[in-house]
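Structure assessment
Below are the chains, spelled out letter by letter.
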Amino acid sequence: MRESDGVLLVIGSGLRLYREYLVASIHRCARTAGLGMVLLNNLKPTWQHAYFDRIIHTDVFDPDEMRAAAREVAREHRIVGLMCWDEPVVLAAGELAAELGVPGLGVDGVRGCRDKSRTRAVLTAEGLPQPGYALTTNLDEARAAAARIGYPLVLKPRAMGASIGVVFAADESELDAAFGVAMGAATVDRSRYGGGAIVEGYAGGEEISIDAAVHKGEYLPMFVARKQTGDQPYFEETGHIVDADDPLLRDAELMDVLARAHRALGVEDGITHSEVRLTERGPLIIEVNGRLGGDLIPFLGRTATGIDPGEVLFSVATGHRPTITPTRNAVAGIRFGYPDHDCLVHGVSVPAEAPGLVLASPMIDPGTTLRLPPGGYLARHSFVVCEADDRETCATRLDEAADMVRIDADPVDPPAPGTAFEMPAGLLDVDEQEGVIE
């Protein structure tokens, strides 16, 4: 790679199991365009060597250290595009894109997406349906906000992702404990928006997510995922289903609300993952995230529609309007395996074959302790992905494949009161897995 070569700068690769299929697709696009690829990564590189011309091991979660490393790359190479899909890093990466003069969400756009309190304020000012809300930093503020907004409520950290610390409070008797859960998660957030909890009115109705490209402010939806979550009071996501022919993609009201929200937030170029409740009052935006969806939703989208999110991301990151034309008409879904109780896992086995099975994998290493909320989050031991011609068949196939998962585990005692919540320490970065999700 010559110093004069144009390069794509990627901030954080993510884990192989969740993101390699994207990196592989982006790599193909870069090579076709004659571009190099440089990665700034907090993890010691392993599988990433197959795709990147240069890898700089740095703490991408430290904005100053990350920007210093990126500026060094910019002194040596012509950066033509910047990509980031890691939620804690999206804000600094978006601001860096603006500094480097390459396409990105824009400073207003990335701040509006990352700060849930700002999102609420901007969308309220736009006149879009929003629940009552308040940003709080202590219990007295939360109690006052709850009295003003009215029950039921949802409390959440100001900037966390993956439903970490999101909790339901049906009435006043549940508020104090719910605030403790939300603030317990908020206080471990290293971003500039950490440390606050949002109190907002609960919006009933089906929850969906929409992954879309934005090119020069134009909103271009790719696919809709129907979300399944665990029982209240927590909202951990247990699965998603993507239907290439979902009628919501043709719902004029939903698409207008999403386009207006993105314009109001100032999103310029990139990919967003919006979460929406379909309420009696109409579509209500829960949040807009300035990145691709997690939970392998983009992989489900590609499987169902044929739209390659890696190619789309490459296009918008390099300043081109992407082609978003489905080439398949199928349904794809994912189901995550959770334990019934806190446990120490000795082993997990997943099916090699099942009707419609596309992919199945353990998600943790042996010896991992899994804790359910509020003592821990993302206590997933495995997942299965299936496809079918219709949603009902896909759901049935997911049930069948999930029933074939086996977990060898022993129960463990709950954490002591006041202990900070845990994330699984053995989240699997499957270097031993053969091949790439292509």
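Let me sum up the structure you'll find in this document. (Residues numbered from 1 in each chain as written. Predicted model: local features only at pLDDT ≥ 70, side-chain atom pairs only at ≥ 80, totals over all residues. Heavy atoms only, no water.)

**Thoughts on empty space enclosed by the protein**
All told, the structure shown has three cavities of 30 Å³ or more when counted by the stated rule. Quantified by volume, the largest cavity comes out at close to 220 Å³. The wall of the largest cavity is formed by 20 residues, among which Leu 82, Cys 84, Leu 105, Gly 270 and Gly 290 lie closest to the centre. Here the element with the most residues in the lining of the largest cavity is helix α3 (residues 87-100); it accounts for four residues. When its residues are assigned to classes, the lining of the largest cavity shows 14 nonpolar, four polar and two charged. (1 Å grid on protein atoms, 1.4 Å probe; cavity = no way out; pocket = protein on both sides within 12 Å on 5 of 7 lines; lining within 4 Å. Points joined across faces, edges and corners; volume = space filled by probe spheres on them. Helix = DSSP H or I, 4+ residues; strand = E, 2+ residues; numbered from the N terminus. Nonpolar A, V, L, I, M, F, W, Y, C, P; charged D, E, K, R; others polar.)

**Quick look at the environment of Val 110**
Along the chain, Val 110 turns up in helix α4 (residues 107-114). Distance from Val 110 to Asp 245, taken between C-alpha atoms, is 30 Å for residues 135 residues apart in sequence. Among all residues touching Val 110, those that are not within four sequence positions of it are Val 90, Leu 91, Gly 94, Glu 95 and Leu 105. (Contact = heavy atoms within 4.5 Å.)

**Quick word on the layout of surface pockets**
In this structure, the second largest pocket encloses a volume near 360 Å³. Lining the second largest pocket are 17 residues, with Gly 337, Tyr 338, Pro 339, Asp 340 and His 381 sitting closest to its centre. Looking at the lining of the second largest pocket residue by residue, the classes come out as ten nonpolar, five polar and two charged.

**A short note on the environment of Thr 327**
Inspection of the secondary structure puts Thr 327 in the loop between α10 (309-317) and β14 (331-337). The exposure class of Thr 327 is exposed, given its relative accessible area of 62%. Sequence separation between Thr 327 and Asp 308 is 19 residues, and the spatial gap between their C-alpha atoms is 9.9 Å. Excluding anything up to four places from it in sequence, Thr 327 contacts Thr 305 and Gly 306. (Buried < 20%, exposed > 50% of the residue type's maximum accessible area, 1.4 Å probe, protein only.)

**Brief notes about the environment of Ala 24**
By the element assignment, Ala 24 lies in helix α1 (residues 16-32). Residue class for Ala 24 comes out buried when judged on its relative accessible area of 3%. Remark: the alpha-carbon pair of Ala 24 and Glu 311, spanning 287 residues in sequence, is separated by 9.9 Å.

**Re the packing of α1 against α10**
Following both chains from N to C, one finds α1 and α10 inclined at 50 degrees, their axes separated by 8 Å at the closest point. Here α1 lies oblique to α10, going by the angle between them. α1 and α10 meet at a crossing whose hand is right-handed. Between α1 and α10, the residues in contact are Tyr 21, Leu 22, Ser 25, Ile 26, Cys 29 and Ala 30 and Pro 309, Gly 310, Glu 311, Leu 313 and Phe 314, respectively. Taken together, the residues that form the contact of α1 with α10 break down as eight nonpolar, two polar and one charged. (Axes fitted to C-alpha atoms, helices over the stretch in contact; angles between N-to-C directions. Parallel < 35°, antiparallel > 145°, perpendicular 65-115°, else oblique. Left-handed = near helix turned anticlockwise from the far one by under 90°.)

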